[in-house]
Amino acid sequence: MFKSRLAVLLLMFLIGIAAAILPIASSASINAATVSPVVASPQVNTATLRAAVRPAGVFRHLAVFQRIADRTEGNRAAGTTGYDASAQYVYNQLDRAGYNVSFQEFPFFFFRAISEEGRQISPTQRDLEPNTLTFSPSTPAEGIERPIAVVPEDDTTGCEASDFAGQDFTDKIALIKRGSCTFWLKAQNAGNVGAVATIIYNNSSNPDAPFGGTLVDPANISIPVVGITRGLGEALAADTAGGTQTVTVYLNIQTTAEERITTNVLAETRQGRADRVIVVGAHLDSVAAGAGINDNGSGSAGILEIALQMAKLQIQPENKVRFAFWGAEELGLVGSRYYVNQLNEEEIANIALNLNFDMIGSLNFARFVYDGDNSAFPPGPGSSPGPAGSDVIEQVFHDYFSSQGLASAETPFSGRSDYGPFIAVGIPAGGLFTGAGGVKSVQQAEIYGGTAGEAFDKCYHRACDTLENVNLTALDQMSDAAAHAVLTFAMTALEDRDTTAAVAPATSWDNSAAIDSVYHEHDHNCLHDR
């Protein structure tokens, strides 16, 4: 499956990388660049497209997204007027550029936390600043005040029923450390032993990094579930003195959930082989907390500008390119999962690969590439083996950055963003990421600049994720790298993928188990800088 293509593409970037960064005179020279991969390595020259994809052009779209949020409900979350206006803007831009554009409607559960209160009452008092997990039920209207019971920490804290043995959780609030399994499984195990609510605290290297997540489906859990920072969670656990002291917490969480309809925006080139489709995706929705300009206005604006400039340059791709702006990613990759689930076996086989761009403008950025070959992060709860070909996509990005004299590093191939449903059916995938709530190390600050000891994106999933939360240098470098990869694969003559692998992938990636409790949580310790 895909092996001869891998060899050719690797050879291409060993032999032809120099040609790929030279200036070219016109789009005609792009169109003439493709040769049979059986005979020689193609030399796809991407300089003209990269020059056309300017940070000012990308930022222009971000400014529109910000205005939309400002004029609606303050955000662009799925199911809101802010998201609908964002989707219409993207549709109109691509339609005028000459793409075949469509809305793909799908149902989803709209969720909103109406109020969130959480504080420790005794033996000390502190505000817990809880984030209600998506699809959490409400507490009683007056809230609940209960002692906590701490689930002992191990490699899979709260993931097995046996973790709750040895102490009484009846009518208490379970405190559980994040990691290794889904949020809903941890909370379900707590509810099964009588807990009335669950607090899950972060496992980020940043003790002050908040997080939000999803329980995936309202039917998954019957008790309220909130997330708090690692620092607050460890302080709560410490106050229990190993279970010898009572710690009381007050929670008042009021939520609503209802089924609504939202959309993906799909736009594909009129030229190119329909049996060699390159799907280029980014999620368009924000969290409810704010405008989501970096997360993920940046990825959406980046691929939108690439599409517009490809049309302006009249590039005629060898392979059809389908730009996808996913809805409801923040609620559980709902839009991309729906899209993939609607494909039949032939349509799956016709997708050559997926490129995903989720957060490419983080203020305190690094240049991260999905670890498609798992060379840096062995497969496990936070990292999954990529389908054959994912390693080639990874190498394309690293080689590009190297050609520009820029360092890059791997980030785990966890399936936590919209490429997850693609790799689940055997479609190779890859992409870029500039960091979220994780803390930049001293070594990373030396390589990429910025500030060590601070989050890559201090406004991750917060109201302050506005236009002021975008690094234009990161946006420039990452959108250029994205343009390079999109055009490279659009102009490369690709061989057939094995259709049996498309419907029965070699990887055992699962869309629920591989997500360590939360969709779109990119907080990893990214290693192996280049």
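Throughout what follows, the structure given in this document is the object of discussion.

Procedures and definitions
Residues numbered from 1 in each chain as written. Predicted model: local features only at pLDDT ≥ 70, side-chain atom pairs only at ≥ 80, totals over all residues. Heavy atoms only, no water. Helix = DSSP H or I, 4+ residues; strand = E, 2+ residues; numbered from the N terminus. Contact = heavy atoms within 4.5 Å. Areas by Shrake-Rupley, 256 points an atom, 1.4 Å probe, with all protein chains shown as cover. Axes fitted to C-alpha atoms, helices over the stretch in contact; angles between N-to-C directions. Parallel < 35°, antiparallel > 145°, perpendicular 65-115°, else oblique. Left-handed = near helix turned anticlockwise from the far one by under 90°. Expected span 1.5 Å × (residues − 1). Pairing = 2+ DSSP bridges. Buried < 20%, exposed > 50% of the residue type's maximum accessible area, 1.4 Å probe, protein only. 1 Å grid on protein atoms, 1.4 Å probe; cavity = no way out; pocket = protein on both sides within 12 Å on 5 of 7 lines; lining within 4 Å. Points joined across faces, edges and corners; volume = space filled by probe spheres on them. Disulfide = S-S within 2.5 Å. Salt bridge = Lys/Arg side-chain N within 4 Å of Asp/Glu carboxyl O. Polar contact = N/O pair within 3.5 Å; in protein donor to acceptor, adjacent residues only side chain to side chain. Phe/Tyr/Trp six-rings, centres within 6.5 Å; stacked < 30°, edge-to-face > 60°. Lys NZ or Arg CZ within 6 Å of the ring centre and 35° of its normal.

## What about the overall build of the protein?
Thinking step 1. When helices and strands are counted, the protein shows 16 helices and 14 strands.
Thinking step 2. Taking the contacts inside the protein whose residues are at least 6 apart along the sequence as the reference set, 82% of them involve residues at least 24 apart.
Thinking step 3. When the accessible surface of the protein is split by element, carbon and sulfur atoms take 49% of a total near 18600 Å².

## A word on the packing of helix α5 (residues 55–71) against helix α15 (residues 472–490)
Thinking step 1. Where α5 contacts α15, the two axes come as close as 9 Å, and the packing angle between them is 110°. Here α15 runs roughly perpendicular to α5, going by the angle between their axes. Judged by the sense of rotation from one axis to the other, the crossing of α5 with α15 is right-handed. Here Pro 55, Val 58, Phe 59 and Leu 62 of α5 lie close against α15, whose contacting residues are Leu 472, Leu 475, Asp 476 and Ser 479.

## Description of helix α6 (residues 81–96)
Because the α-helix completes a turn every 3.6 residues, residues three or four places apart line up on one side.
Thinking step 1. Over its 16 residues, α6 extends 22 Å from the first C-alpha to the last, a length consistent with the 22 Å expected when each residue adds 1.5 Å.
Thinking step 2. The inward-facing, buried residues of α6 abut α5, β1 (100–122), β8 (248–268), α9 (293–312) and β10 (319–326).

## Quick notes on the pairing of β1
Thinking step 1. In this sheet, β8 lies alongside β1 in antiparallel orientation, the contact comprising 21 bridges. For Ser 102, the partnering residue across the bridge sits in β8 and is Leu 266.
Thinking step 2. Connecting the antiparallel pair β1 and strand β2 (residues 126–127) is a turn made up of three residues.

## Looking at the pairing of strand β6 (residues 197–201)
Thinking step 1. Within β6, five of the five residues are buried, leaving the element largely enclosed by the surrounding structure.
Thinking step 2. Side-chain alternation along β6 places Ala 197, Ile 199 and Tyr 201 on one buried face and Thr 198 and Ile 200 on a second face that is also buried.
Thinking step 3. Summarising the sheet, strand β5 (residues 173–177) and β6 pair through five bridges and their orientation is parallel. Within β6, the residue paired with Ile 173 across the bridge is Ala 197.

## Concerning the layout of surface pockets
Thinking step 1. In this structure, the largest pocket occupies an estimated 680 Å³ of space.
Thinking step 2. If you trace the largest pocket, you find 31 residues lining it, with Thr 132, Val 287, Ala 288, Ala 289 and His 461 closest to the centre.
Thinking step 3. For the lining of the largest pocket, the secondary-structure elements that each account for two or more residues are β1 and β3 (131–132).
Thinking step 4. Among the elements that take part in the lining of the largest pocket, β1 stands out by supplying five residues, more than any other.

## Quick look at the state of the cysteines
Thinking step 1. As enumerated under the stated definition, the model contains two disulfides in all.
Thinking step 2. Note that Cys 159 is cross-linked by a disulfide to Cys 181, the S-S spacing being 2.1 Å. Its S-S torsion of approximately -95° makes the covalent link between Cys 159 and Cys 181 left-handed. One end of the pair, Cys 159, is in the loop between β4 (144–150) and β5; the other, Cys 181, is in the loop between β5 and α7 (183–192), and 22 residues separate them in sequence.
Thinking step 3. Taking the relative accessible area as the measure of exposure, Cys 159 reaches 12% and is therefore buried.
Thinking step 4. Assessed through its relative accessible area of 8%, Cys 181 is described here as buried.
Thinking step 5. Disulfide pairing places Cys 459 opposite Cys 464 at an S-S distance of 2.1 Å. Disulfide Cys 459 to Cys 464: torsion about the S-S bond roughly -115°, handedness left-handed.
Thinking step 6. Residue classification places Cys 464 among the partly exposed residues on the basis of a relative accessible area of 35%.
Thinking step 7. Should the bonded cysteines of the protein be numbered as they appear in the sequence, the pairing reads 1-2, 3-4.

## A closer look at the pattern of salt bridges
Thinking step 1. Applying the stated criterion to the full structure yields eleven salt bridges.
Thinking step 2. Here Asp 171 and Arg 146 are joined by a salt bridge, their closest N and O atoms 3.0 Å apart. Remark: Arg 146 occurs in strand β4 and Asp 171 occurs in the loop between β4 and β5; sequence separation between them is 25 residues.
Thinking step 3. The exposure class assigned to Arg 146 is partly exposed, which follows from its relative accessible area of 24%.
Thinking step 4. Overlapping salt bridges, with partners in common, bring together Arg 273, Asp 275 and Arg 276 in one network.

## Regarding the environment of Asp 371
Thinking step 1. Turning to its location among the elements, Asp 371 is positioned in the loop between β12 (368–370) and α12 (390–403).
Thinking step 2. When its relative accessible area of 0% is taken as the criterion, Asp 371 is described as buried.
Thinking step 3. Taking the C-alpha atoms as reference points, Asp 371 and Glu 394, separated by 23 residues in sequence, lie 6.5 Å from one another.
Thinking step 4. Sequence-distant contacts of Asp 371, defined by excluding residues within four places in its chain, comprise Ala 376, Phe 377, Glu 394, Glu 410, Thr 411 and Phe 413.
Thinking step 5. A distance of 3.0 Å separates a polar side-chain atom of Asp 371 from the backbone nitrogen of Ala 376.

## Structural notes on the packing of aromatic side chains
Thinking step 1. By the definition in use, this model includes 18 aromatic pairs.
Thinking step 2. Residues Phe 368 and Phe 456 carry aromatic rings whose centres are separated by 5.4 Å and whose planes lie at 85° to one another, so their mutual orientation is edge-to-face. Taken together, the residues span a long stretch of sequence, with Phe 368 in strand β12 and Phe 456 in the loop between α14 (442–448) and α15 at a distance of 88 residues. With respect to class, Phe 368 is no different from Phe 456; both count as buried.
Thinking step 3. The ring of Phe 211 has Arg 178 sitting right over it, with the charged end atom 5.4 Å from the ring centre.
Thinking step 4. Here the basic side chain of Arg 260 rests over the ring of Phe 110, its NZ or CZ set 3.6 Å away from the ring centre.

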